[in-house]
Structure formats: structure tokens, C-alpha cells
Amino acid sequence: MPADRLRVDVQGRALEVSNLDKVLYPAAGFTKGEVIDYYTRIAPVLLPHLADRPLTRIRFPNGVDGGSFFEKNAPAATPDWVRTENLPVPGSSKGRETIDYVVCDDLPTLVWLANLAALELHTPQWKIGAHPDMMVVDLDPGTPAGLRECCRVALLLRDRLAADGLAAYPKTSGKKGMQLCCPIAGTQPADLVSDYAHRVARELEGEHPGLVVSRMAKNLRGGKVFIDWSQNNAAKTTVTPYSLRAQAVPAVSTPLTWDEVSAGAAGKRPAARPYTAVEVLKRVEKHGDLLGGLLDGGPELRGG
């Protein structure tokens, strides 16, 4: 076996990992081996959020400064022990197009993906064969607004959603924005979930026109936060909690406490800079999974 390849056993599965010293985050000197180590160590809290969801990966074989590509289909030479599901492409004409999706239910699959430099992991709000069990609102700031303004809008959204009996769990996107994730009953179709999120976004836009925009036109977003309700479309995916992001540093889509969101609204961290892989591992040691409530189910949405 070449010197840059290593055969490992992960929970009884034989894997070959390679190029562990290859730097995937040049500005931080963060290597492929460190990516695999991060995903291995974060797996206990990450895997429950991946379970039973078709996985879209963004791969960076030459690091974050090199080219990247989206991958939905299971790649060539996928091990036979990796779970795949042949599913219609959401939005395709009469479901005629299908994809063999990878489903990452276990640690060996996660390590295999990390070895393929699948840095970013994105999942839909639904599990295979079911209606959405989660509603997501994506908060996207328009320059010069940033994460501070996102935190302000997140607090407004939390209170509005609570009035309808919904619990909201905040996380950073790992880039410039953030998401609120709400567990729901899983009994209503994606179109209804998206319509509900759109209605709430329009309400907040009407109440806070200087801060919030609910329309997608980018020319309307300057200095405001776009509440992207369309993330609940069945064809869309959102970055999975604890996924790495392709930034200068190994930033992570990081669950937050509401106290931290309040601090961010005041201009303190997390608004100041992203959380990195090393920091997120320490946070999980301290807090556990701050998004664990997403796994327990929630109510039906009102008005549907």
C-alpha cells in the first residue's frame, strides 16, 4: 500500500484513508487528517441530525482554496455497506428523475465521506418517506448588515414563533448568517410548512421594515436581514448542524444558546467571528447537543 494510504477499521468496517497530511484549509494549516478527526469526534451529536435524511455533500478535493463540487449521487466505488436510497428528485417532472442518495447513519460512512473531502454536509427538512419534521428559517444579512443584525431578527422570530407554540433552536450557518430550526409534527406537507414560514416572515417585515425583508430580490436586502422562508421547499437543503464550512478557517455551523444570541445582538460573539472545529468540540463537551430538542418532535403548524 502506498505510504500516503492507511487502512483503518471503523466499527468493524475496513476503510482506506489517504493523504492525511494534505492541507485543506491553507490559511489555518488544517489538514485532511484533522477533518477526519473532527468528524469522528463530533459524530455522537452530528449523526442523529443526519439519520434517515438524503445527504448532499460539497467536496473540496484540493482544499477550500481549490475547486469544489456538489454531489448528490453516491459516487463510483461507494462501499456496499454504505446506505443508499433511490429517491425522486424533488421538483422533477412527475418524479421521473431519481438519484441514489447517500444516507449517513453511522460513523464508518461519516469517516468515508470525510476522506473524500466532503467538507460540507447539507440535508433537507424531511426524512425519507415522510413529511418535514423540522421547519427552518435562514437569516441572510445584506451588506452592511451582518451576524449582529441576524441575532436581532432571531430574537424577534423566537418570540413570534413561541406565540404559535413553536420552540426555535438557533445556530450559526458557519458563514455570515444563521438559522432557526423548529421541530414540527411531521404530518404536514412541505408546501404548507413553507407557506407558514413565508407568512411569519411577511409579518415581521411589516413590523420591522428597516431591519427585515421577506422578498427574495437582492436589491431589497441592503442593510437588512432576509428571512429565507423558502428553505422549507422540499427540493432545498440546509447546512447540517456541526458541519464544517469552506471558509478561511475550519468554521462550523454551530448551535447557540439564546443567551449567546442576545450577546450577538449586542455585537459580541458570535457576531464577532465564527466558531471553529476545535472550539465546537469543546462546546459540545460543555453543553452537549444544544439542538437535541429537534429530535423530539413538535406540534403541527397553525393555519394548516
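So, a few notes on the structure that sits alongside this text. Note that the structure is a prediction, hence the values are computed from the model and not measured. (Residues numbered from 1 in each chain as written. Predicted model: local features only at pLDDT ≥ 70, side-chain atom pairs only at ≥ 80, totals over all residues. Heavy atoms only, no water.)

## A closer look at the overall build of the protein
Then, number 1: A count of helical and extended segments in the protein gives six helices and 15 strands.
Then, number 2: What you see for the protein is a C-alpha radius of gyration of 19 Å, in line with the 19 Å of a compact globule of 304 residues.
Then, number 3: Taking the principal axes of its C-alpha atoms as reference, the protein extends roughly 65 × 45 × 35 Å.
Then, number 4: Restricting the contact set of the protein to residue pairs at least 6 apart, pairs at least 24 apart contribute 69%.
Then, number 5: The averaged location of the 35 negative side-chain charges in the protein is 5 Å from the averaged location of its 36 positive side-chain charges. (Helix = DSSP H or I, 4+ residues; strand = E, 2+ residues; numbered from the N terminus. Rg over C-alpha atoms; globule rule 2.2 N^0.38 Å. Contact = heavy atoms within 4.5 Å. Lys, Arg positive; Asp, Glu negative; His and termini not counted. Charge placed at Lys NZ, Arg CZ, Asp CG, Glu CD.)

## Topic: the nonpolar core
Then, number 1: Core analysis: the largest hydrophobic core is formed by 76 residues, its most contacted members being Tyr38, Tyr39, Ile42, Leu110 and Met135.
Then, number 2: By residue number, the principal contributor to this core is helix α1 (residues 32–50), which donates ten residues.
Then, number 3: Sequence-distant contacts of Met135, that is, excluding residues within four places in its chain, are made with Leu161, Leu166, Leu180, Cys181, Cys182, Ile184, Val193, Tyr196, Ala197, Asn232 and Leu301.
Then, number 4: Core analysis: the next-biggest nonpolar cluster, separate from the first, contains five residues, Met134, Val136, Cys181 and Leu291 among them. (Core = buried A, V, L, I, M, F, W, Y, C linked by side-chain atoms within 4.5 Å. Buried < 20%, exposed > 50% of the residue type's maximum accessible area, 1.4 Å probe, protein only.)

## Looking at the packing of α1 against helix α6 (residues 277–287)
Then, number 1: At their nearest, the axes of α1 and α6 sit 10 Å apart, and the two run at 30 degrees to each other. Here the hand of the crossing between α1 and α6 comes out left-handed. Together, Tyr38, Arg41, Ile42 and Val45 of α1 and Ala277, Val280, Leu281 and Val284 of α6 make up the contact between the two elements.
Then, number 2: In terms of residue class, the contact of α1 with α6 is made up of seven nonpolar, no polar and one charged. (Axes fitted to C-alpha atoms, helices over the stretch in contact; angles between N-to-C directions. Left-handed = near helix turned anticlockwise from the far one by under 90°. Nonpolar A, V, L, I, M, F, W, Y, C, P; charged D, E, K, R; others polar.)

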